[in-house]
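Descriptive structure summary
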Amino acid sequence: MNNKFEKNVCCIGAGYVGGPTMSVIASNCPAIRIDVVDINKERIEAWNCNDLSQLPVFEPGLEEIVKKCRGKNLFFSNKVEESIAKADIVFISVNTPTKTRGIGAGYASDLKWIESSARQIAQFARNHTVVVEKSTLPVKTAETIKTILNSSEQSDDIGGDDNKKTFSIVSNPEFLAEGTAIEDLQNPDRVLIGGEDDFSINLISDIYKNWIDPDKIITTNLWSSELSKLVANAFLAQRISSINSISALCENTGADIIEVSKAIGTDSRIGSKFLKPGPGFGGSCFKKDILNLVYLSRYYGLREVGDYWEQVVDINQWQQRRISSLVIKNLFGTLSNKKLAVFGFSFKANTNDTRESPSINISKNLLQEGAKLSFYDPKVNEKQIFTEFDNSQEEIFVYDTALKAAEGADAIIVLTEWEEFNCLDWNDIFKIMRKPAWIFDARVFLDKTSLENIGFKVWSLGT
Ligand code: UDX
Ligand code: UDX
């Protein structure tokens, strides 16, 4: 049934990484059949939904690609075993959350999904299969995967078929950022492929060469590739913690963080990217990957290295506590009987992802002080917001417009930099708020002067 395809690819995990990555590969490689499989039935149904606005992941450009490829060379299903059996290449894109118990709890990645995926591949693969680590993993995870796969190489687990299975492993980490995933996948700075044999490295390189300049494809050994992914995220997060630490100093000295950020970012050795101050980094990767690096460093006896990187996470949490305290302090030291509107719940603009969003911790701090919170986010729905709070539902309201959320509020806390917040009619909003009406701009992106001219009291981070 697949004769018209040159290669069969299976991707385990139809999440934020697996879904968009495979869609872009399918779009650029019509000769490859891609089956994206997931144990989650609801998620697969959503990927197969006729109404493309219901796809489980919101990414600019994704709908068009899914529309073009789905049913042609891109398929979403729960048929994990069948898809593995016919695949030449299996990408593993399952989630690797931080362990919550046992050895390394709070730091190390929980590899139970990786292990179960490896066991499924070991059981159902046929002939030679190249297994690609797409999920971000601790260094040396390939060793674990290899051990599981090798133990099945000689066995015949698929019911009397006398094929001889063999495996090779490649690390091909993703560097896509949510909100720009399609653009990042279509025009990446580089593609990293780490492996142990030329055949497998070339096989994966050839896929990317369909649309990416070969000069941008970097090949390394397995361990360099695994480590580079963790280190790339650690360096990016470190820049954010660095600028956020300076934002506090600016507030105390009269310097302006936007001016400082520009002044240092124009030094080409420093560069201007990732120097935006804010309520701290969120998202599924940065914290998890740094904690992983910390765990690894300590595991190898490098306590100072671990301590150094842990500070990046500490500063991030401190920034969120600091912003919460400033809100409370400016609202006369108490939030009892006050209504605060939270604008933005996703961890950054242009995504509906709320994992590790700074809005979660800051909102929890404000709730603890007795505030009632009304939320508005252009892409995050009520159900998603409620799941982040356990018993506080009486104090939480979610609205479908900014205006409704602001009605009767004492303050608006802007926590995600949605462009739409710059286009709101702030005059109308001011009229319906309780006075004095405060705006806390934790993303430093609203026009402070014009808001002050309307009558708002404005606090802007780092100014
Ligand atoms: C995940 C990790 O968080 C990240 O570190 C890594 O780089 C890539 O994989 P993401 O795609 O954002 O990122 O995760 P998520 O959206 O949770 O998707 C993972 C999917 O894997 C889920 O849909 C889950 O149902 C599926 N899964 C998990 C399987 O299909 N099989 C399993 O055994 C486990
Ligand atoms: C990140 C990496 O960028 C990507 O390469 C990796 O594969 C996955 O993790 P992502 O988490 O999607 O991607 O988003 P990113 O754009 O990196 O932003 C992460 C967090 O940092 C967001 O909360 C964002 O608001 C914050 N951020 C980013 C800042 O506060 N300031 C900045 O200058 C940049």
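Structure report, in brief. Bear in mind that the values here come from a model prediction, so they are computed numbers and not experimental data. (Residues numbered from 1 in each chain as written. Chains lettered and ligands numbered in written order. Predicted model: local features only at pLDDT ≥ 70, side-chain atom pairs only at ≥ 80, totals over all residues. Heavy atoms only, no water.)

Side note on the site of ligand 1
Lining the immediate environment of ligand 1, one finds 19 residues, of which Val17, Asp38, Arg43, Thr136 and Lys288 sit closest. Here an oxygen atom of ligand 1 and a backbone polar atom of Ile39 are 3.0 Å apart. Interatomic distance of 2.6 Å between a side-chain N/O atom of Arg43 and an oxygen atom of ligand 1. For ligand 1, whose accessible area on its own is 690 Å², the fraction buried by protein is 93%. Among the residues making up the shell around ligand 1, the classes are represented as five nonpolar, nine polar and five charged. (Near = heavy atom within 4 Å. Polar contact = N/O pair within 3.5 Å; in protein donor to acceptor, adjacent residues only side chain to side chain. Areas by Shrake-Rupley, 256 points an atom, 1.4 Å probe, with all protein chains shown as cover. Nonpolar A, V, L, I, M, F, W, Y, C, P; charged D, E, K, R; others polar.)

Some remarks on the packing of helix H12 (residues 303–330) against helix H13 (residues 358–368)
Put simply, H12 and H13 touch, their axes get as near as 9 Å, and they point 40 degrees apart. Here H12 lies oblique to H13, going by the angle between them. The way H12 lies across H13 gives a crossing that is right-handed. Between H12 and H13, the residues in contact are Gln320, Arg321, Ile323, Ser324, Val327 and Ile328 and Pro358, Asn361, Ile362, Asn365 and Leu366, respectively. (Axes fitted to C-alpha atoms, helices over the stretch in contact; angles between N-to-C directions. Helix = DSSP H or I, 4+ residues; strand = E, 2+ residues; numbered from the N terminus. Parallel < 35°, antiparallel > 145°, perpendicular 65-115°, else oblique. Left-handed = near helix turned anticlockwise from the far one by under 90°. Contact = heavy atoms within 4.5 Å.)

Brief notes about the site of ligand 2
Residues in close proximity to ligand 2 total 19 residues, the closest being Glu178, Lys276, Phe347, Lys348 and Arg443. In the model, an oxygen atom of ligand 2 is placed 3.1 Å from a nitrogen or oxygen of the Leu176 main chain. With respect to ligand 2, the backbone of Lys276 contributes an N or O atom lying 2.9 Å from an oxygen atom. Notes on ligand 2: free accessible area 660 Å², of which the protein chains cover 91%. Residues belonging to the shell around ligand 2 are distributed by class as follows: eleven nonpolar, two polar and six charged.

Considering a nonpolar patch on the surface
Taken together, the side chains of Tyr299, Tyr300, Leu302 and Val305 make up a nonpolar region of the molecular surface, amounting to roughly 440 Å² of accessible area. Position of Tyr299 relative to the elements: it lies in helix H11 (residues 286–299). (Patch = residues over 30% accessible without salt bridge, like charges linked within 9 Å, V, L, I, M, F, W, Y side chains within 5 Å. Salt bridge = Lys/Arg side-chain N within 4 Å of Asp/Glu carboxyl O.)

Focus: helix H10 (residues 257–265)
Note that an α-helix has 3.6 residues per turn; residues three or four places apart therefore point the same way. Buried residues of H10: Ile257, Ser261 and Gly265, and no others. The arc enclosing the buried residues of H10, seen along the axis, measures out at 60 degrees, which places them on a common side. Those residues of H10 that are exposed and angled more than 90 degrees off the buried face are Glu259, Lys262 and Ala263. Of the surrounding secondary structure, the elements contacted by the buried residues of H10 are helix H9 (222–253). Taking the backbone nitrogen of Ile258 as reference, a side-chain oxygen 2.8 Å away marks Asp256 as the first, capping residue of H10. (Buried < 20%, exposed > 50% of the residue type's maximum accessible area, 1.4 Å probe, protein only. Arc of directions from axis to C-beta.)

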